[in-house]
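Spelled out, the chains give:
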Amino acid sequence: MRTYKNLLSIYSVLLLLFISLPAFSLQTNFRFHEYNKQNKLNQELVKSICQDSMGIYYLATDGGVFSLINDNFIPFRLPEGKSHYFKELLKLKNNKILAVSDDAIYQITPSFEKSKMELLIECNLDPAAPKYPKHIYQDSKGMIWIADYNNIFRYNGNTIEKYEMGKKNLTSSYARSFQFMECDNGNLIVVSQKGLFYYYNSAKNSFSPITSRQDFLVHSSFKLGGNDFLIGTSKGVLKVSFDEDANLIKSDLILKDIIVSSFEQLADNSILAGTWFQGLLEIDMDQDYKIYPVSGFPYFTVNAIFRDEFGKYWVATNSGAVVMEEKFFSSQFLTANSDYVASIADDKSGQVYFAGRNRIYKISNHNNIETEAISFEGSANVLKFYGDIMLIGTESGNLEVYENNVLLTSVKISDLAITAIEVISEEEAWVVANKELFRVNLIDGTFKSYLNQFRGKRLVQDICLTGNKNLYIGGEGKSAYLFFYNRKDDKITNLSRNFKFELTGDVWIRDMKLDDDILYLGSSVGLFQLEDSTITRVNLDDMSDNEINGIAIDQFDALWLTSSRGVIRKRKNDVSLFTPDQGLPSKTFTTKNLLIDKNGYLWVGTSNGLAYAHVSDSIPSTPKPIVHLAKEVTQYIKPDTSLVITANSMLLMDVTATIYPQKQNQFQFCIQKDKDRITEWKGLSSKNQILVSDLDPGSYKICIRCKHEGNYAWSDHRIVPLHVNQVWYLQWYTFLFEVFLVLLLVYATSRYSKKRAQKYLMELEKLVSERTIQLQDANVNLFSANKAKDRFLSIIAHDLKNPFNAIRGFSKLLVQDEDFLTEEEKKEMIETIYKSSDDTFKLLENLLEWANVQKGNFKLNREEFDLEEVMANNLDLHKSLASLKEVNVVGHFESVKVNADKAMVDTVIRNLMSNAIKFSFAGKEIDLRAKQEDGFVVIQVKDQGVGMTAEQMDKLFKIDTVFTSEGTANETGTGFGLMLCKEFVELNGGKIWVESVKDKGSRFFFSIPHSIAV
C-alpha cells in the first residue's frame, strides 16, 4: 500500500510538471494508429512486440502470442495446459523469434503460410531450468541469456547452465528481473531488479559483483553506444558508463521521478521513453536531458517500445498496441504558430520570413519565430526581398519598401489587393494589383500601367521574372492564360495556345516557376509546363485536374505543389500527397506559399500557421505487396508462383503489405498479356482485393504495386504469373468427340430402348406376381395377428377378472359382515385383497411396459457399464427373498463390460431370478452366472425347481399363449414377465432361450453385446 501511495505521489509531481511545461515544449510530431478490441486485436494487454525478417509482426499478450498477417491477428495454438501469459519477444540472429511465457520459452519459425511455435524450454518443473522466466537476451556471440525471478541461465541451443544469484537479487516484480547490457568490447553486464550490478567473467564462468548495494529498483535498460547505458529505475533515469574492465566509472541520475519501463532510439540526440504510469516521453540528450511528453499519445502505461524496419514505433500498452509514425511536416516552434500565413520569402542570406495578417515574422531557427519591428497599414498579402530591401504588398493596394526595417517608400498602387511582386532591381519592380500589371519606380514611387496592352482587360493573375529581366505573365481564360513581356521593345505578347487535351473548367494561373528552360504553371485546372513553345499537362495521377496554388523546386529537381488536397511532391514518375495527417496545420493555402531555403528545408504557409520539412534525396520505398488467394482459408501466393485458371472463371486475391497500418496503403494493379507494356494502373477495391475475370485464354502477368501514405515511393512490382486455359468444351478435340458421342448415343439409345421395353414387360409381370403373393401372405399374417390379439385380450380379461372378483368378494364381506367377523378373519381377508391387488398391479405394470415397447415409445438408453455390478445387486436382492423359501442363491461371474440399456438388463435379470425362486423347492439352489461368447455375454439363471415340458416351453414368449402357473408355494404370476424380457433382450441386440426338464429344473439364457471397445 505504501508503494502504491509513493507511486501516486510521483505521478502527481510529474503531472504537475507536465502541466507547467508550455505548449511549445512539444518536439517530435507523431501520427498514431491503435490496435485494440475495436480494431481487430481481441487481447488488449500487450507486453512486447517484434518483427521478423519477412516483415511479420508478433505481439505477446496476456492471452497468448499473435502474428499480424494479411491485416489479421492470428493466435498461436499452445500445448494443452500451458500458460497464456506472455512477457517478451526476441528476434534472434537466425531470424527466428523467441517468446517467453510464465512457464515456457517457445521458438517461432516465421512463415506467411503457417508460422510454427514450438516449445523450446520447459520452465518451472526442473530446478535446473528457469522458474517464471522474465527476460531473454542474445549477446553478440549468439549466446542466449535468460533471467527468471532470481537467477540467470545460459542456453547454447542444447543445454541450459544455471547461475545462482542469491536471495538478495530476488525480484519483487511480476515482469522485471535482471537486465542484460553488452559493451562494445563484449563485456556482458547485468543489473538485477534490486539494483545490483554484475559482470560475466568468462574465464571463471561466473558473475562477479560490480556494486554491493543500491537504493533503487531497476525496470529497464538501453545501450546509448560504446560502454554507455541508460537505466530506468524507481528514482528516475540513470546514465552509467563502464571502462574496458567492466568497472562502473560513472553513474548519474539525469532525470528524477521518471519511472521508465522501456527505451527506444528516436534520433541521434533523442530517446523515446515509455513509463509505467506517466505516458510516453521524449528525452533530449543534447539539451540538459529535457523531457517532452509525446503529444497525443493516448495511454499512461507503456510496457515496451519496438522500432520496426520502416522507422515506425510500436508501443505495447495495457489497452492494445499503438503504431507511431513521425510526421513529415512539423509546425512546432518555441513561440505560437497559428497565424494566417499570407506569404513566405527569404532574403539574400537565406533567412526565412513570412507575412501574417498584420505582422512580419522571422524564423531565427527551426524552434523560434520572432516578430519584426515593422508596422504598415492594412493586411500584408505579398512579401518579397531583393538585396537589402524588403517589399510588402498589402490587401489595400499599398506597396511598402523597407531597408533594415526602415520604411523607404510607400506607394498607393490600387484600392484593391496587391497579389504579386517581382523585383527587377533596387530601383524597379513589377507589381500586380486588381488583376492589372504595373511597373513601379522604387525610388520616387511613380508607376506605369500596362492595362492597354491587354486591351483594357483586367486578367493578370501572376508574374515570373526571367534571368534576362523579361517577364512571363499568367492570365485567365483559355485564350489569355499566358503572356510574355520583352523588355527590349517594351511589348507584351500572348503565348496562349490551344490545349491538346481536355480541360475540366476555366483556366487561370495561380503560380509560376521557371526551371532552366521549362516554365511550370500552376493553374485552376492542374499543372502545366511550357517547353519549346509547347504546353503539356504534368501528370499528377488522380490529382492532375486539381487546382495548384503554389510551386517550389528543390535541390533534387522534385516539384512541390500546394493544392486543395494538401502538398504534392512530383519526383520523376513518383507522386506523393501530404495532408494534415503528415503534420500540415491546414489544407488551406494562399497562392505562392511555398519556399525551399538554402538549407534544404521546405516551408509551407497555411491558413493556420507555418509548417516545414527537411527535403532529402532519399525517399524510402514501400515494400512489395503480399498477395493471398481469397478463400475461406486464405492461401499465401509465394513469389513467382504461377496461377492457372479457366476462361470464364474468376480469381479473387487479397493484397496487403508488411508496412502498417494497412489503411494508409494505396494499391494499384494492371494485367499485362505476354510482353505488352503497362498502359494503365487501376486502384483496388475498398477491401484491397483484386478480382480477375473475363480474360481470354493466354499467358498474363498481374503487376501489383503499393505506396504508403506520406514520404514513401511506390514499391517494386509484385508479379503474379497467370495462365488462362480455354474451357474444355471449346477445345477442337472436344467438338470431334461430341459429334462421335452424339452418333454413338443415337445408336445405343435405339438398341437400348428396344431391350428396355422387353425387359420392362418381363419385370412388370414378375412384379405383379410377387406383389400378389405378398398381399396373400400379408392377409394370412394379419388374420393370424388379429386372432392372436383376440386370444391375448381374452386371456388378459380373464387374468384381470379373477383378482378383481376376489377383491370385490372379500371387500363386500368386510362391508356387510364386519360385525360378525373376527379380527383374524378380517386380517386374512385384507391380506387376500392386498395380494390380489398387488398381483393385478404387477400385471398392469408389465402390460404397460410391453405396450410401450410395441408402440415404440420405450427409449433405449444404450451405455457401456460393468455387468458384474448389476448381477451382484440382483444376487444380494434375491438372496433375502429366496431365504424365505429356504432356497440358496449363488453366483459365478466376473467383471465384464457390456454395451446395452442398463435398466433393461436389470429388469430381465430380476424377472428371471424371481421366476427361479417362484418355481424352486425348499432346500434347493439357484445359480446366476455369465460367460463371454463371440462378442456377446451370455447370462444364465439355473434353478432346481418344477421344470417344464416341451409343450410348456413352446408356449413361452408368445402373445397368443400367455402361460402362467402357480409357484411351489402357491405364488401367482402375471405371465407377462417373460414376454417383457424377450422384448428388452431383443431391443438390446440379444436373444433369450430356455432349457428345461420336467421335475428337475430350468435354465434360462439371454445374450447382450459385449463392450464396443473390446
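Residues numbered from 1 in each chain as written. Predicted model: local features only at pLDDT ≥ 70, side-chain atom pairs only at ≥ 80, totals over all residues. Heavy atoms only, no water.

## A look at the overall build of the protein
- Across its full length, the protein holds seven helices and 71 strands.
- Its C-alpha radius of gyration of 49 Å places the protein more than 25% over the 31 Å reference for a compact globule of 1014 residues.
- The principal-axis extents of the C-alpha atoms in the protein amount to approximately 155 × 100 × 70 Å.
- Taking all 1014 residues of the protein together, 49% fall into the buried category.
- Counting only contacts in the protein whose residues sit at least 6 apart along the sequence, the fraction spanning at least 24 positions is 53%.
- Taken as a whole, the protein presents about 51,100 Å² of accessible surface, with 50% of it coming from carbon and sulfur. (Helix = DSSP H or I, 4+ residues; strand = E, 2+ residues; numbered from the N terminus. Rg over C-alpha atoms; globule rule 2.2 N^0.38 Å. Buried < 20%, exposed > 50% of the residue type's maximum accessible area, 1.4 Å probe, protein only. Contact = heavy atoms within 4.5 Å. Areas by Shrake-Rupley, 256 points an atom, 1.4 Å probe, with all protein chains shown as cover.)

## Quick word on the environment of Lys500
- Here Lys500 lies in the loop between strand 44 (491-494) and strand 45 (509-515).
- Between the alpha carbons of Lys500 and Asn970 there is a distance of 124 Å; along the sequence they are 470 residues apart.

## Comments concerning the pattern of salt bridges
- Enumeration according to the criterion identifies 35 salt bridges in this entry.
- Ionic contacts of the salt-bridge type, sharing partners, join the residues Arg31, Asp581 and Glu709 into one network. (Salt bridge = Lys/Arg side-chain N within 4 Å of Asp/Glu carboxyl O.)

## Considering the confidence of the model for the protein
- Per-residue pLDDT for the protein averages 87, and the proportion of residues at 70 or more is 90%.
- Scored below 50 in pLDDT, residues 1-26 makes 28 contacts in the model with residues more than four places away or belonging to other chains. (pLDDT = per-residue confidence, 0-100.)

## A few points about the packing of aromatic side chains
- As enumerated under the stated definition, the model contains 39 aromatic pairs in all.
- Geometrically, the ring pair formed by Tyr58 and Phe76 is stacked, given 6.3 Å between the ring centres and 25° between the ring planes. Of the two residues, Tyr58 sits in strand 3 (residues 57-61) while Phe76 sits in the loop between strand 5 (72-75) and strand 6 (86-91), which places them 18 residues apart along the sequence. Accessibility assignment for this pair places Tyr58 and Phe76 in one class, buried.
- Seen from their ring centres, Trp603 and Tyr612 are 5.2 Å apart, and the 40° between their planes marks the pair as tilted. Judged on exposure class, the residue Trp603 and its partner Tyr612 are both buried.
- Following the ring pairs from residue to residue traces out a cluster consisting of Tyr35, Tyr57, Phe73, Trp314 and Tyr660.
- If you follow Arg357 out to its NZ or CZ, it ends over the ring of Tyr340, 3.9 Å from the centre. (Phe/Tyr/Trp six-rings, centres within 6.5 Å; stacked < 30°, edge-to-face > 60°. Lys NZ or Arg CZ within 6 Å of the ring centre and 35° of its normal.)

## Some words on unusual backbone geometry
- Here the amide bond leading from Tyr660 into Pro661 is cis, since omega sits at 0°, within 30 degrees of zero.
- Positionally, Pro661 belongs in the loop between strand 59 (651-656) and strand 60 (665-673).
- In this structure, Asp532 is a non-glycine residue whose phi angle is positive, near 55°.
- Among the secondary structure elements, Asp532 is positioned in the loop between strand 47 (526-531) and strand 48 (534-537).
- Despite not being glycine, Glu886 shows a phi value in the positive range, around 60°.
- Turning to its location among the elements, Glu886 is positioned in the loop between helix 4 (867-883) and strand 66 (888-892).

## Digging into the domain arrangement of the protein
- The assigned domain composition of the protein is domain 1 (40-258), domain 2 (626-730), domain 3 (739-787) and domain 4 (858-1009).
- When each unit is reduced to the centre of its C-alpha atoms, the spacing between domain 2 and domain 4 is 77 Å. (Domains from an automatic or database assignment.)

## Overview of helix 7 (residues 977-987)
- The buried fraction of helix 7 amounts to eight of the 11 residues, a majority that puts the element mostly inside the structure.
- Of the residues making up helix 7, those classed as buried are Gly977, Leu978, Met979, Leu980, Cys981, Glu983, Phe984 and Val985.
- With its phi angle positive at about 85°, Gly989 sits one or two positions after the end of helix 7.

## Some thoughts on the state of the cysteines
- Under the counting rule described, the total for this entry stands at zero disulfides.
- The thiol of Cys123 is not disulfide-bonded; the next cysteine sulfur, from Cys50, is found 18 Å away.
- Cys123 gets classed as buried once you look at its relative accessible area, which sits at 1%.
- With no disulfide of its own, Cys706 lies 15 Å from the sulfur of Cys670, the closest cysteine sulfur.
- Classification of Cys706 by relative accessible area gives buried; the value is 0%. (Disulfide = S-S within 2.5 Å.)

## Comments concerning the nonpolar core
- Core analysis: the largest hydrophobic core is formed by 62 residues, its most contacted members being Met117, Trp314, Leu651, Met653 and Leu722.
- Each of domain 1 (40-258) and domain 2 (626-730) gives at least three residues to this core.
- With sequence-adjacent residues up to four places away left out, Met117 is seen in contact with Val65, Phe76, Leu78, Phe86, Ala99, Tyr106, Gln107 and Ile108.
- Counting 38 residues, the second-largest nonpolar core is a separate cluster that includes Val870, Met871, Phe893 and Ile917. (Core = buried A, V, L, I, M, F, W, Y, C linked by side-chain atoms within 4.5 Å.)

## Quick notes on the pairing of strand 43 (residues 482-486)
- Strand 43 sits mainly inside the fold: four of its five residues count as buried.
- One ladder, built from four bridges, connects strand 42 (residues 471-474) with strand 43; its direction is antiparallel. Across the sheet, Ile473 pairs through a bridge with Phe483, a residue of strand 43.
- With four bridges connecting them, strand 43 and strand 44 associate as antiparallel partners. Bridging across to strand 44, Phe484 finds its partner in Thr493.
- Counted along the chain from strand 43 to the antiparallel partner strand 44, the turn is four residues long, and its residue Asp490 has a positive phi close to 55°. (Pairing = 2+ DSSP bridges.)

## Structural notes on the packing of helix 4 against helix 5 (residues 902-918)
- Two numbers describe how helix 4 lies on helix 5: the axes approach to 10 Å, and their chain directions differ by 30°. In terms of their interaxial angle, helix 4 and helix 5 are classed as roughly parallel. Of the two elements, helix 4 crosses helix 5, and the hand of that crossing is right-handed. The residues of helix 5 that touch helix 4, namely those facing Leu867, Glu869, Val870, Met871, Asn874, Leu877, His878, Leu881 and Ala882, are Lys902, Val905, Asp906, Ile909, Arg910, Met913, Ser914 and Ile917.
- Of the residues belonging to the contact of helix 4 with helix 5, the class tally is 10 nonpolar, three polar and four charged. (Axes fitted to C-alpha atoms, helices over the stretch in contact; angles between N-to-C directions. Parallel < 35°, antiparallel > 145°, perpendicular 65-115°, else oblique. Left-handed = near helix turned anticlockwise from the far one by under 90°. Nonpolar A, V, L, I, M, F, W, Y, C, P; charged D, E, K, R; others polar.)

## Section: the pairing of strand 35 (residues 398-403)
- Counting buried positions along strand 35 yields five of six residues, so the element is predominantly enclosed.
- Between strand 34 (residues 389-394) and strand 35, which pair antiparallel in sequence order, lie three residues; one of them, Gly397, sits at a positive phi of approximately 90°.
- Pairing analysis gives six bridges linking strand 35 to strand 36 (residues 406-412), with the strands arranged antiparallel. Of the residues in strand 36, the one forming a bridge with Val401 is Thr409.

## Digging into the packing of helix 5 against helix 7
- One can describe the packing of helix 5 onto helix 7 by two numbers: an axis separation of 9 Å at closest approach and a directional angle of 150°. Considering the angle they form, helix 5 stands roughly antiparallel to helix 7. Helix 7 is crossed by helix 5, and the crossing has left-handed handedness. For the pair formed by helix 5 and helix 7, the contact residues are Met904, Thr907, Val908, Asn911, Leu912 and Asn915 on the first element and Gly977, Leu978, Cys981, Phe984, Val985 and Leu987 on the second.
- Split by residue class, the contact of helix 5 with helix 7 holds eight nonpolar, four polar and no charged.

## Regarding the sheet that holds strand 31 (residues 360-365)
- Read from one edge of the open sheet, four strands run 29-30-31-32, paired in antiparallel fashion. Of all the strands in the sheet, just strand 29 (343-346) and strand 32 (368-371) have a single pairing partner and so form its edges. Across the sheet, the mean angle separating the axes of adjacent strands is 30° when strand polarity is ignored.
- Examined bridge by bridge, strand 31 and strand 32 share four bridges and lie antiparallel to one another. Looking across to strand 32, one finds that Asn365 is bridged to Asn368.

## Points about helix 4
- Between its first and last C-alpha, helix 4 extends 24 Å over 17 residues, near the 24 Å set by a 1.5 Å rise per residue.
- Here helix 4 has its buried residues at Leu867, Val870, Met871, Asn874, Leu875, His878 and Ala882.
- Put simply, Asp866 is the residue that caps the front of helix 4, since its side-chain oxygen is 3.0 Å from the backbone nitrogen of Glu868. (Expected span 1.5 Å × (residues − 1). Polar contact = N/O pair within 3.5 Å; in protein donor to acceptor, adjacent residues only side chain to side chain.)

## Some remarks on the sheet that holds strand 21 (residues 248-256)
- Pairing within the open sheet is antiparallel, and its four strands lie in the order 18-19-20-21. The open sheet is flanked by strand 18 (218-225) and strand 21, the only strands paired with a single partner. Pairwise comparison of adjacent strand axes, ignoring direction, gives a mean angle of 20° for this sheet.
- In the sheet, strand 18 pairs with strand 19 (residues 228-233) via six bridges, with the strands oriented antiparallel.

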